[in-house]
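Working through the structure, step by step
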Amino acid sequence: MKKYIAECINILGDFCGKRDVPALTSEDLRKKYGIDQADVMVLFGGSILCGGDILAHAMKKGIAKKYIIAGGAGHTTETLRLKMHEEFPDIETAGLPEAKIFEAYIEHRYGLKADFLECNSTNCGNNITYLLELLKENNISFNSIILAQDASMQHRMEAGLRKYVAEDVIIINYAIYRARVIIRDSELVFEEEIWGMWDMDRYITLLMGEIPRLSDNADGYGPKGKGFIAHVEILKEVENAFEGLKKEYADMVRTADPLYASAK
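Just so it is clear, the structure is predicted and the values come from calculations on it, not from any experiment.

1. Some remarks on the overall build of the protein
Secondary structure summary: the protein contains nine helices and seven strands in total. For the C-alpha atoms alone, the extent of the protein along its principal axes is close to 50 × 45 × 40 Å. Within the span of the protein, comprising 264 residues, buried residues form 53% of the whole. Sequence-distant contacts, at least 24 apart, represent 69% of the contacts inside the protein between residues at least 6 apart. For the protein, the exposed area adds up to about 12,500 Å²; of that, 48% sits on carbon and sulfur atoms. Across the protein, the mean location of the 32 positive side-chain charges is 3 Å away from that of the 41 negative side-chain charges.

2. Some words on helix 6 (residues 124–137)
The terminal C-alpha atoms of helix 6, which comprises 14 residues, lie 20 Å apart, in line with the 20 Å expected from a rise of 1.5 Å per residue. Buried residues along helix 6 sit against strand 1 (38–44), strand 2 (64–70), strand 3 (116–118), strand 4 (144–148) and helix 7 (154–162). A distance of 2.8 Å separates the backbone nitrogen of Asn126 from a side-chain oxygen at the start of helix 6, and that oxygen is part of Asn123.

3. A short note on the nonpolar core
Ranked by internal contacts, the top residues of the largest apolar core, which has 71 residues, are Met41, Tyr177 and Tyr203. Looking at which element gives the most residues to this core, the answer is helix 8 (residues 200–214), with eight residues. In contact with Tyr177, other than residues within four places in its own chain, are Arg19, Ile48, Asp150, Ala151, Ser152, Ile194, Met197, Trp198 and Tyr203. Ranked by size, the runner-up nonpolar core spans 21 residues in total, among them Val40, Phe44, Ile140 and Ile171.

4. Overview of the pattern of salt bridges
Using the criterion set out here, one finds 13 salt bridges in the structure. One salt bridge in this structure joins Lys18 and Glu158, with 2.8 Å as the shortest N-O distance. Of this pair, Lys18 sits in the loop between helix 1 (2–16) and helix 2 (26–33) while Glu158 sits in helix 7, placing them 140 residues apart in sequence. Look at Glu158 and you get buried, because its relative accessible area is 15%. Residues Arg109 and Asp53 are paired through a salt bridge, measuring 3.9 Å at the closest nitrogen-oxygen approach. Taken together, the residues Arg109 in helix 5 (residues 98–110) and Asp53 in helix 3 (residues 51–60) connect sequence positions 56 residues apart. Accessibility expressed as a relative area gives 46% for Arg109, which makes it partly exposed. Residue classification places Asp53 among the buried residues on the basis of a relative accessible area of 12%. Here the residues in one salt-bridge network are Asp14, Arg178 and Arg180, joined through shared partners.

5. Considering the packing of helix 1 against helix 9 (residues 236–248)
Each packed pair of helices is defined by two parameters, the angle between the axes and the distance between the axes. With their axes 9 Å apart at the nearest point, helix 1 and helix 9 run at an angle of 130° to one another. Judged by the angle between their axes, helix 1 and helix 9 are oblique. Judged by the twist between their axes, the crossing of helix 1 over helix 9 is left-handed. In contact with Tyr4, Ile5, Cys8, Ile9, Ile11, Leu12 and Phe15 of helix 1, helix 9 contributes Glu237, Val238, Asn240, Ala241, Phe242, Gly244, Leu245 and Glu248.

6. Overview of the pairing of strand 4
In terms of burial, strand 4 is largely enclosed, as five of its five residues are buried. Because side chains alternate across strand 4, one face comprises the buried residues Ser144, Ile146 and Ala148, and the other comprises Ile145 and Leu147, equally buried. Following the chain from strand 4 across helix 7 to the adjacent parallel strand 5 (residues 170–173), one finds a crossover that is right-handed.

7. Some remarks on the packing of helix 8 against helix 9
At their nearest, the axes of helix 8 and helix 9 sit 11 Å apart, and the two run at 130° to each other. With respect to helix 9, the axis of helix 8 lies oblique. For helix 8 against helix 9, the interelement crossing comes out left-handed. Where helix 8 abuts helix 9, its residues Met208, Ile211 and Pro212 lie against Val238, Phe242, Leu245 and Lys246. Looking at the contact of helix 8 with helix 9, its residues break down into six nonpolar, no polar and one charged.

8. Topic: the packing of aromatic side chains
Using the criterion set out here, one finds seven aromatic pairs in the structure. For the pair Phe88 and Trp195, a centre-to-centre distance of 6.2 Å together with 85° between the ring planes defines the contact as edge-to-face. Separated by 107 residues along the polypeptide, Phe88 in the loop between helix 4 (77–87) and helix 5 and Trp195 in the loop between strand 7 (187–190) and helix 8 bring together distant segments of the chain. In this structure Phe88 comes out as buried when scored by relative accessible area, which is 15%. Between Tyr105 and Trp195 the ring centres are 5.6 Å apart and the planes differ by 40°, which places this aromatic pair in the tilted class.

Conventions and cut-offs
- Throughout, a residue's number is its position along its own chain's written sequence, starting from 1.
- In view of the model being predicted, local features appear only for residues whose pLDDT reaches at least 70, and side-chain atom pairs are presented and counted only at 80 or more, with totals across whole chains, interfaces and linings using the full set of residues.
- For side-chain calculations, the full set of non-hydrogen atoms in the structure is used, while hydrogens and water are omitted.
- A run of H or I in DSSP becomes a helix once it reaches four residues, and a run of E becomes a strand once it reaches two; helices and strands are each numbered from the N terminus.
- The buried label applies to any residue whose accessible area, calculated with a 1.4 Å probe on protein chains only, is under 20% of its type's maximum; exposed applies above 50%, and partly exposed to all values in between.
- Pairs of residues are marked as contacts when any of their non-hydrogen atoms sit within 4.5 Å.
- Per-residue accessibility takes into account occlusion by the displayed protein chains alone, with areas from the Shrake-Rupley method and a 1.4 Å probe.
- We score Asp and Glu as negative and Lys and Arg as positive, and we do not count His or the chain ends.
- A charged residue contributes its charge at one atom only: NZ of Lys, CZ of Arg, CG of Asp or CD of Glu.
- What a helix should span is 1.5 Å times the count of its residues minus one.
- Polar contact is defined as a pair of N or O atoms within 3.5 Å, subject to the rule that within protein one atom must be able to donate a hydrogen and the other to accept it, and that residues adjacent in sequence are counted only when both atoms are side-chain atoms.
- Nonpolar cores were defined as sets of buried Ala, Val, Leu, Ile, Met, Phe, Trp, Tyr and Cys residues, with membership established by side-chain atoms within 4.5 Å.
- Salt bridges are defined as contacts in which a side-chain nitrogen from Lys or Arg sits within 4 Å of a carboxyl oxygen from Asp or Glu.
- For every element, the axis is a line fit to its C-alpha atoms; helices are fit only across the contacting stretch, and the angle between N-to-C directions ranges from 0 to 180 degrees.
- Working rule for angles: under 35 degrees goes down as roughly parallel, over 145 as roughly antiparallel, 65 to 115 as roughly perpendicular, anything else as oblique.
- Take the far helix as your reference; a near helix turned counterclockwise from it by less than a right angle gives a left-handed crossing, and one turned clockwise gives a right-handed crossing.
- Every crossover in which the path from the first strand over the helix to the second runs clockwise, viewed with the strands pointing away from the viewer, is termed right-handed.
- Residue classes follow a fixed rule: Ala, Val, Leu, Ile, Met, Phe, Trp, Tyr, Cys and Pro count as nonpolar, while Asp, Glu, Lys and Arg count as charged, and any other residue, Gly among them, counts as polar.
- Ring pairs are drawn from Phe, Tyr and Trp, using the six-membered ring of Trp, whenever the two centres fall within 6.5 Å, and their geometry is named by plane angle: stacked under 30 degrees, edge-to-face over 60, tilted for the rest.

These results come straight from atomic positions and should not be treated as a statement about function.
So, in structure tokens, the structure goes:
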């Protein structure tokens with residue numbers, strides 16, 4: 001049974017945590033998209049700690065023309081504040097928005113600064129709308145954009161942006177991590193250590209919360225429901241994995257927290 005649960009978690013993880021290129025390199029962008037550099041790269045603050053490293057390494061390689069960190073305060077922010085301050089006591093995180101926390105990290109560790117910070121968003125939906133407002137205000141047009149978000153929320157972030165941009169805009173997904181769950185000593189564990197990773201229950205909760213949101217039905221976030229995101233085709237394999245996990249973790253499907261809802 002545990003092996004089946006691990007397989008279900010990994011199916012959801014692969015579906016939610018999209019990566020469109022093997023690595024953020026000019027070579028891989030050229031091979032797939034015919035470009036050496038994206039116009040914009042965005043790190044979203046719902047990410048775990050290692051998101052800062054992904055952004056910093058991309059900046060060092062010149063993978064985009066402009067770099068943005070987006071994130072105010074949402075349901076994952078307090079965890080980020082606590083973990084970052086625990087790892088780097090010199091970085092004061094109390095009360096800071098996610099974007100400023102990651103900015104402090106990449107400056108502290110790599111001596112880097114993003115071009116822009118978006119510090120007001122509270123959820124994946126207004127992560128996108130506020131990002132687009134920031135780009136417009138600063139006259140930044142783009143034909144290609146790299147989105148780097150926590151793997152659990154990556155697919156939804158793409159679907160959120162796709163709702164607003166032209167079809168010919170290249171959206172490049174690069175989930176912050178790739179987690180593989182295995183059984184070790186009869187327990188569910190991550191095959192490899194990932195810096196700042198959620199505990200297993202939190203990871204499962206985040207993944208399971210995504211499938212109802214990505215669904216294009218009356219209750220989902222797609223055009224047939226709340227209209228927050230573009231249509232997402234959910235594979236039968238993914239639906240089956242979600243239903244399988246629900247039998248074991250019925251109480252772990254994360255509902256939206258009204259505290260972080262967008263203002264009407």
